[in-house]
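# What the coordinates show
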There are 2 protein chains.
Amino acid sequence: MMQASATAEREAPSARQQAVLDVVLGLMVEDGEQLTMDAVARRASCSKETLYKWFGDRDGLLTATVRWQASRVHAGHDAAQILDGATLRERLQDFAVTWLEVITGPTSVALNRIAIAHAGSRKSNLGGIVLANGRFAIGERVKPVLEAGRAAGLLAFADSEATFRTFFGLVGRDIQIRLLLGETLDFDGAEIRRDAGRAVEQFLALYGQAKPDPNRHV
Amino acid sequence: MMQASATAEREAPSARQQAVLDVVLGLMVEDGEQLTMDAVARRASCSKETLYKWFGDRDGLLTATVRWQASRVHAGHDAAQILDGATLRERLQDFAVTWLEVITGPTSVALNRIAIAHAGSRKSNLGGIVLANGRFAIGERVKPVLEAGRAAGLLAFADSEATFRTFFGLVGRDIQIRLLLGETLDFDGAEIRRDAGRAVEQFLALYGQAKPDPNRHV
DNA sequence: CGAATAGCGTACCGTACCGTACGGTACGCG
DNA sequence: CGCGTACCGTACGGTACGGTACGCTATTCG
């Protein structure tokens, strides 16, 4: 009872606990159906009693897993420097590629499926956590770049939130919903880069002010 | 055993069966968790045995429900006439409004949640049905309009599928994923129309050739 | 009118799974 | 050495739910 649940206390999970959470992620990816406490305990070589001691209940385990995965994605939050047209395009391209790589990954698909299924009922919003660490986290990282671009006279827009949402739509299009609904689109890195490039060009066509490089492959 | 399952045979459901399917939809919207065969039978005032006779099993009932809802959405498939700029814009606006109204509706959200949760396992792809009647159905209706616009010299693009996907992204942006993950965005008709208008303007800015009416409310 | 059929209500079965209890083991510490 | 702690493995209780069986009623049809 000292250690209590890593979920409620929001402490960082221990190495052993992280191993358990990775097992949960693995089971999610394999087959979301067989994600049972017995299966987790068996695969993780730990007892169910320990699972309940650490995570409280099934929802606690799922929540901890979502947080754990989210904590991995948060990478560099590099400060906004002075932008010229080329670096702005490059930064946007990076965001688009990263985002597409994330949402097309099997872990993201499985995690979003679980969270969406859970969002139907009330208790313990996994959906909120996924949104906060996915859609909104990327938004908070992109908007400063957009604003720096505006400050440098490269972009013209009024509402950075609305502008980011357009960028989001141009990048993601129908990909996420199709994957979530079970279609098996396979993207290699090349296709993702091509897709991201198209989205960035279209975004700059809508919001760009100067055009330092008029190559259009739309 | 004469009548057999309305699902397997793909016959149109009888009026009584439609009432049952509407009950299922209602339960889905209310709370996806309590969607149990007992609850359906109780709410629909029919026996579970009848449910199993009509629909085979739980998946059959869900599949029939998805089909039933899909059959309602398929509205006018009006043939493409000659387009001028104003009617092209109007047609696109109509599609955007309709699509946004559908995906923001509680029925669509609940149905997509069920289908996505189901897509995790293999058996009985509700996801495929939802995709076919949602994303792909709207695509097959929009693409002829785009091609008619191109034939009239109003639009310029090479791949109508890719072009539609951009339109899809500009209209939907992050709305569907946020709703599926449990965020409560409430749209009134005015906001939907404004959103659709912005999407259409942006789409025409990317793909339009002539601009007969340069009012920009972006 | 009598038989058959469709369908309602309900009781029931089997199973899957969450959550708990309990015995056994390894390890640190006084 | 002996005690407490942490944990594994497993067995068990409780329950919810999918699916089936059966009795009863109403309607239809010969």
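The numbering scheme is per chain: residues are counted from 1 as the chain's sequence reads. To label them, take the chains in the order written and letter them from A, then take the ligands in the order written and number them from 1. Where local features are concerned, this predicted model is filtered to residues with pLDDT of at least 70; where side-chain atom pairs are given and counted, the filter is 80 or more; whole-chain, interface and lining totals use all residues. With hydrogens and water set aside, each side-chain value is computed from the structure's full complement of heavy atoms.

Our next topic: the packing of aromatic side chains. The description of an aromatic ring pair uses the distance of the two centres, along with the angle that the planes make with each other. Residues and elements named next belong to chain A. Aromatic pairs are defined between Phe, Tyr and Trp rings, using the six-membered ring for Trp, whenever the two ring centres lie within 6.5 Å; interplanar angles under 30 degrees are classed as stacked, those over 60 as edge-to-face, and all others as tilted. Considering all chains together, one arrives at 10 aromatic pairs over all chains under this definition. Seen in terms of ring centroids, Trp99 and Phe168 are 5.7 Å apart; in terms of plane orientation they differ by 50 degrees. Their pairing is tilted. Of this pair, Trp99 sits in helix H6 (residues 85-104) while Phe168 sits in helix H10 (residues 160-172), and the two are 69 residues apart along the sequence. Classification of residues uses two cut-offs on accessible area relative to the type maximum, computed with a 1.4 Å probe and protein chains only: under 20% is buried, over 50% is exposed, and between them is partly exposed. Here Trp99 falls in the buried class, since its relative accessible area comes to 12%. Judged by relative accessible area, Phe168 falls into the buried class, the value being 7%. Taken together, the ring pairs connect Trp99, Phe164 and Phe168 into an aromatic cluster. The side chain of Arg135 reaches across the aromatic face of Phe168, ending 5.8 Å from its centre. Numbering of helices and strands runs from the N terminus, with a helix taken as a DSSP run of H or I at least four residues long and a strand as a DSSP run of E at least two residues long. Charges are assigned to positions over rings by a cutoff of 6 Å between ring centre and Lys NZ or Arg CZ, combined with an angular limit of 35 degrees from the ring normal.

A few words now on the UniProt feature "DNA-binding region" (unreviewed entry) in chain A. UniProt positions are given in the numbering used here, feature names are shortened, and annotations may be inferred rather than shown by experiment. UniProt feature "DNA-binding region" (unreviewed entry): in the numbering of this structure it lies at residues 36-55 of chain A. Within residues 36-55 of chain A, the helical portion is 80% and the strand portion 0%, while the C-alpha atoms at the span's ends are 14 Å from each other.

Here we come to the interface of chain A and chain B. Where interface size is given, it is often the accessible area lost as the parts come together that is meant. Contacts between the two partners involve 43 residues from chain A, matched on the other side by 42 residues from chain B. Put simply, buried area is the surface a 1.4 Å probe can reach on two separate parts but cannot reach once they are joined, added for both. Summed over both sides, the interface between chain A and chain B buries roughly 3400 Å², with carbon and sulfur atoms accounting for 62% of that surface. If you sort the residues of chain A by the area they bury against chain B, Arg165(A), Arg173(A) and Leu181(A) come out on top, with a joint share of 21%. By definition here, a salt bridge exists when the distance from a side-chain nitrogen of Lys or Arg to a carboxyl oxygen of Asp or Glu is within 4 Å. Viewed at the interface, chain B and chain A are joined by four salt bridges. Between Asp174(B) and Arg135(A) there is a salt bridge whose closest N-O contact spans 2.5 Å. Any N or O atom pair separated by 3.5 Å or less is treated as a polar contact, with the protein-specific requirement of one donor-capable and one acceptor-capable atom, and with residues adjacent in sequence counted only for side-chain atom pairs. The tally of links from chain A across to chain B stands at six residue pairs in polar contact (both at pLDDT 80 or more). The set of elements that each furnish at least two residues to the side of chain A that touches chain B consists of helix H7 (106-119), helix H8 (126-133), helix H9 (135-151), H10, helix H11 (175-180) and helix H12 (189-207) of chain A. A breakdown of the residues in the side of chain A that touches chain B according to their chemical character gives 18 nonpolar, 11 polar and 14 charged. Whether two residues touch is decided by their heavy atoms; if any such pair falls within 4.5 Å, the residues are in contact. Just so you know the grouping, Ala, Val, Leu, Ile, Met, Phe, Trp, Tyr, Cys and Pro go in nonpolar, Asp, Glu, Lys and Arg go in charged, and all remaining residues, Gly too, go in polar.

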